[in-house]
Amino acid sequence: MDKARLTSLVLQQAETIRLLGADCVPVYRLEDGTPPAFEEAHAHEPDQQASLPKGVTPAAPREAAPPPTSVRPSKVAAPATPAIPATPGRVSAAGAARGGSLTLPTCTAQAARARSREEAIKAMELLRAKYDQDAPHTQFVTAHHNIVWGEGNIRARLMFVGEAPGEEEDKTGRPFVGRAGELLNKMITAMGLKREDVYIANVLKTRPPNNATPTTAEAQLCAPYLLEQIAIIGPEVVVTLGLPATRLLLNTDATMSSLRGRWASFTLADGREMPVMPTYHPAYVLRSYTEEVRGKVWSDLRMAMEKLGITLPAKRPGA
Ligand code: URA
């Protein structure tokens, strides 16, 4: 490995430790042990680019993001209490404004599993308050009117993670309510579920200008909150929708087409392993509305449901 690459890796690790805590230096793997390819860094989803209509160019990233770490051994661990920058564990300003400071309880895997629905709701409220207090999005450019925190069943067995709110989501403060959301709703229905059964969140909680793809730096600033959302909900399966969510949670820069349809995982700091099934983002599916792409998404969703013990027909509904 050359010196520049090594330096970049060390800096990246230091940044990760700063954001996620020293006990969670990320190590990742695909479940078959294949190391993710180190391919193009921080481009838009390559498959998406390839399928954009003529004359339409993808929105440019807002900054040149640093290369993600290529550390790829095993899993990533995230602290149950996210190492949220500057005020680990305690918040003061917003809490004080509401009449007291907030403490995020540290939670072991056992405690997390034993938590009641009410306790989980409370933990989520506390995390949301902490996000409001820390406002990580103020560290980068956004075009938002509302924070889109996420919604759904606090005890969901299945969680979807998207990229960032779009225009409709920004207006309403709810995730996936625009055109991509309509398709996601159809996907959920086809899986035999209701939207209220699952939990839906995004990497970024605020709308990027011109719907630009989140940069790696932006994603990493918001990652602790997403990881803690996942820790609180404790799903049995996380389905990542599109490249930014997939790359963030699996700490890879491999292409979507090489990642989708294959189980991967990351490990929360409390030891819980989160199986991840990456699939194409519904917005991409809408742009590439072919039998092939839709069939692949269906196959990914089937695998996700299989993990929950539910077998779906091989044939996509309506195919
Ligand atoms: N796209 C996303 O990634 N998230 C949303 O909430 C909406 C569109």
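Look above for the structure.
Criteria and cut-off values
- Residues numbered from 1 in each chain as written.
- Predicted model: local features only at pLDDT ≥ 70, side-chain atom pairs only at ≥ 80, totals over all residues.
- Heavy atoms only, no water.
- Helix = DSSP H or I, 4+ residues; strand = E, 2+ residues; numbered from the N terminus.
- Areas by Shrake-Rupley, 256 points an atom, 1.4 Å probe, with all protein chains shown as cover.
- Core = buried A, V, L, I, M, F, W, Y, C linked by side-chain atoms within 4.5 Å.
- Buried < 20%, exposed > 50% of the residue type's maximum accessible area, 1.4 Å probe, protein only.
- Contact = heavy atoms within 4.5 Å.
- Phe/Tyr/Trp six-rings, centres within 6.5 Å; stacked < 30°, edge-to-face > 60°.
- Lys NZ or Arg CZ within 6 Å of the ring centre and 35° of its normal.
- 1 Å grid on protein atoms, 1.4 Å probe; cavity = no way out; pocket = protein on both sides within 12 Å on 5 of 7 lines; lining within 4 Å.
- Points joined across faces, edges and corners; volume = space filled by probe spheres on them.
- Nonpolar A, V, L, I, M, F, W, Y, C, P; charged D, E, K, R; others polar.
- Pairing = 2+ DSSP bridges.

Remarks on the overall build of the protein chain
(1) Moving on: For the protein chain, the helix and strand inventory stands at 12 helices and 9 strands.
(2) Moving on: With the model as given, the accessible surface of the protein chain reaches about 13,600 Å², and the carbon-plus-sulfur share is 55%.

Describing the nonpolar core
(1) Moving on: Among the nonpolar cores identified, the biggest contains 37 residues, and Leu 226 and Ile 230 are the most heavily contacted of them.
(2) Moving on: The greatest single-element share of this core, amounting to 11 residues, is contributed by helix H8 (residues 216-233).
(3) Moving on: Setting aside its immediate chain neighbours within four residues, Leu 226 contacts Met 159, Val 161, Ala 201, Asn 202, Val 203, Lys 205, Leu 248 and Leu 249.
(4) Moving on: Counting residues in hydrophobic clusters, the runner-up holds 30 residues, among them Val 237, Tyr 280, Val 293 and Leu 301.

Focus on the packing of aromatic side chains
(1) Moving on: Here the structure, examined in full by the defined rule, presents 3 aromatic pairs.
(2) Moving on: Between Tyr 131 and Tyr 225, the ring centres sit 5.1 Å apart and the planes meet at 85°, which makes this aromatic pair edge-to-face. One end of the pair, Tyr 131, is in helix H5 (residues 117-134); the other, Tyr 225, is in helix H8, and 94 residues separate them in sequence. No difference in accessibility class separates Tyr 131 from Tyr 225, as the two residues are buried.
(3) Moving on: Grouping aromatic residues by their ring pairs yields a cluster made of Tyr 131, Trp 149 and Tyr 225.
(4) Moving on: One residue, Lys 205, lies across the ring of Trp 149, its end atom 5.4 Å from the ring centre.
(5) Moving on: Positioned above the aromatic ring of Trp 263, the side-chain terminus of Lys 307 is 4.5 Å from the ring centre.

Section: the layout of surface pockets
(1) Moving on: As a volume, the second largest pocket reaches approximately 230 Å³.
(2) Moving on: What lines the second largest pocket is Leu 183, Lys 186, Met 187, Ala 190, Val 285, Tyr 289, Arg 294, Val 297, Trp 298, Leu 301, Arg 316 and Pro 317.
(3) Moving on: Only helix H7 (179-190) and helix H12 (291-307) provide two or more residues apiece to the lining of the second largest pocket.
(4) Moving on: Partitioning the lining of the second largest pocket into residue classes produces 9 nonpolar, no polar and 3 charged.

Brief notes about the pairing of strand E7 (residues 237-241)
(1) Moving on: For E7, the tally of buried residues reaches 5 of 5 residues, placing the bulk of the element in the interior.
(2) Moving on: Here E7 shows two buried faces, one formed by Val 237, Val 239 and Leu 241 and the other by Val 238 and Thr 240.
(3) Moving on: Sheet topology places strand E5 (residues 158-162) next to E7; 4 bridges connect them, and they run parallel. Note on E7: the bridge partner recorded for Met 159 is Val 238.

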